[in-house]
Amino acid sequence: MDDLHKDQYQFTFYDRVTLPLVWVVLGGISLITIDYRIGRFFSVSELPDELEDFVDAAEHFGTPYGQILALLCLFAATSWRERRVFRIFLGTCAAGMGANLVKMFVGRTRPRSFDFEQHELFDSFVGWFLLDSAGSKAQSFPSAHTASAFGFAALLTWAFPSGKRVFLLLACFVGLHRITTSAHFPSDVFIGAAVGWSVAILFTGNTWLAKKFDRLEKQVAKAEDVFEKEVSTLQE
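What comes next concerns the included structure. Just so it is clear, the structure is predicted and the values come from calculations on it, not from any experiment.

1. Considerations on the packing of helix H8 (residues 164-180) against helix H9 (residues 186-201)
Running from N to C, H8 and H9 point in directions that differ by 145°, and their axes come no closer than 9 Å. Along this stretch, H8 crosses H9, giving a crossing that reads as right-handed. Residues Leu168, Gly175, Arg178 and Ile179 of H8 form the contact with H9, whose participating residues are Pro186, Val189 and Trp197. Of the residues assigned to the contact of H8 with H9, the class counts are five nonpolar, one polar and one charged.

Set out below in structure tokens:
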């Protein structure tokens, strides 16, 4: 397992700054160009059945239940020795919570609850600092599912670099699901991706938080080694 740790992905300036900024810019462009049309279309339309089933299944890459199942499989496949699964899960939770925190301060009506016939797009923004007073229907911005998915993708990429493209593709399917089910506008998804990715990366590299996890994982590794030696001694 230590050899595996040596191959951890090192996030560059592009990964940490440029990529999230690109998603923010795309979110701004989407807001003024396609949000209204895409939101209106999927408020009354759906994907073809087979594609819809696939995208619905992919949604769980962005939910705690799906992430727990995936990490449980990973943990079992490594003989219960992949210590990083706990960092990955906690970092993913933080990514989703980061998006939920933004929701508390920016109120936006979800497409499924928005009256496209009577209102213009910017009417979907219904206020600031609403906290939870308006309920889920006014918590469209940003997409927490997408934030969680991109946070999960970031941390899986950090641990298993060879899977980066697949992880990002699955995260994109989560974003697509949120749009096609009329839960979010495209701009919500882009901003959610930027938030989730940025938060998750804080759990890697030379950040204060990452160093805390590095230290903890080393302590767990030492404890495992001591335990295995004790077991081996008893069996001799």
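2. Side note on a positive patch on the surface
Judged by side-chain charge, Lys211, Lys212, Arg215, Lys218 and Lys222 come together as a positively charged surface patch. Tracing the sequence through the fold places Lys218 in helix H10 (residues 208-235).

3. Digging into the environment of Asp53
Assignment of secondary structure puts Asp53 in helix H4 (residues 49-58). Given the relative accessible area of 47%, Asp53 is considered partly exposed. Along the backbone, Asp53 and Lys212 are 159 residues apart, and their C-alpha atoms lie at a distance of 41 Å.

4. So, the state of the cysteines
Across all of its chains, the model carries zero disulfides by this definition. The structure places no disulfide on Cys93, whose sulfur is separated from the nearest cysteine sulfur, that of Cys73, by 17 Å. Residue class for Cys93 comes out partly exposed when judged on its relative accessible area of 27%.

5. Considerations on the environment of Ser43
Its place among the elements puts Ser43 in helix H3 (residues 35-44). Taking the relative accessible area as the measure of exposure, Ser43 reaches 32% and is therefore partly exposed. Beyond its immediate stretch of four places on either side in the chain, Ser43 contacts Pro111, Phe116 and Ser182.

6. Quick look at the pattern of salt bridges
Scanning the entire structure with this criterion turns up eight salt bridges. Here Asp15 makes a salt bridge to Lys164, at a shortest N to O gap of 3.6 Å. With a gap of 149 residues between them, Asp15 in helix H2 (residues 13-33) and Lys164 in helix H8 connect regions that are remote in the sequence. With its nearest N and O atoms 3.0 Å apart, the salt bridge here joins Arg108 to Asp35. Here Arg108, found in strand S1 (residues 106-108), pairs with Asp35, found in helix H3; they are 73 residues apart in sequence, far enough to count as distant. By sharing partners, the salt bridges in this structure join Asp35, Arg108 and Asp188 into a single network.

7. Considering helix H5 (residues 64-77)
The end-to-end C-alpha distance of H5 is 20 Å, a good match for the 20 Å that 14 residues give at a rise of 1.5 Å each. Among the structural elements, helix H6 (85-105) and helix H7 (144-159) are those in contact with the buried residues of H5. Among the residues trailing H5, Ser79 stands out with phi positive, at a value near 55°.

8. Regarding H3
Here H3 has its buried residues at Asp35, Gly39 and Phe42. Relative to the axis of H3, the buried residues are bounded by an arc of 75° and lie together on one face. Within H3, the exposed residues directed more than 90 degrees away from the buried face are Arg37 and Val44.

9. Concerning the nonpolar core
Counting residues in each nonpolar core, the largest one holds 30 residues, and the members touching the most others are Trp23, Phe61, Ile88, Phe150, Leu156 and Trp197. If you list the elements that add at least two residues to this core, you get H2, H5, H6, H7, H8 and H9. The dominant element in this core, judged by the number of residues it contributes, is H7, at nine residues. Setting aside residues no more than four positions away along its own chain, Phe61 makes contact with Gln67, Ala149, Phe152, Ala153, Leu156, Phe167, Leu170, Ala171 and Val174. Counting seven residues, the second largest nonpolar core, distinct from the first, contains Ala99, Phe141, Ala144 and Ala147.

Procedures and definitions
Residues numbered from 1 in each chain as written. Predicted model: local features only at pLDDT ≥ 70, side-chain atom pairs only at ≥ 80, totals over all residues. Heavy atoms only, no water. Axes fitted to C-alpha atoms, helices over the stretch in contact; angles between N-to-C directions. Helix = DSSP H or I, 4+ residues; strand = E, 2+ residues; numbered from the N terminus. Left-handed = near helix turned anticlockwise from the far one by under 90°. Contact = heavy atoms within 4.5 Å. Nonpolar A, V, L, I, M, F, W, Y, C, P; charged D, E, K, R; others polar. Patch = residues over 30% accessible without salt bridge, like charges linked within 9 Å, V, L, I, M, F, W, Y side chains within 5 Å. Areas by Shrake-Rupley, 256 points an atom, 1.4 Å probe, with all protein chains shown as cover. Salt bridge = Lys/Arg side-chain N within 4 Å of Asp/Glu carboxyl O. Lys, Arg positive; Asp, Glu negative; His and termini not counted. Charge placed at Lys NZ, Arg CZ, Asp CG, Glu CD. Buried < 20%, exposed > 50% of the residue type's maximum accessible area, 1.4 Å probe, protein only. Disulfide = S-S within 2.5 Å. Expected span 1.5 Å × (residues − 1). Arc of directions from axis to C-beta. Core = buried A, V, L, I, M, F, W, Y, C linked by side-chain atoms within 4.5 Å.

So far we have only geometry, and geometry alone does not tell us how the molecule works.
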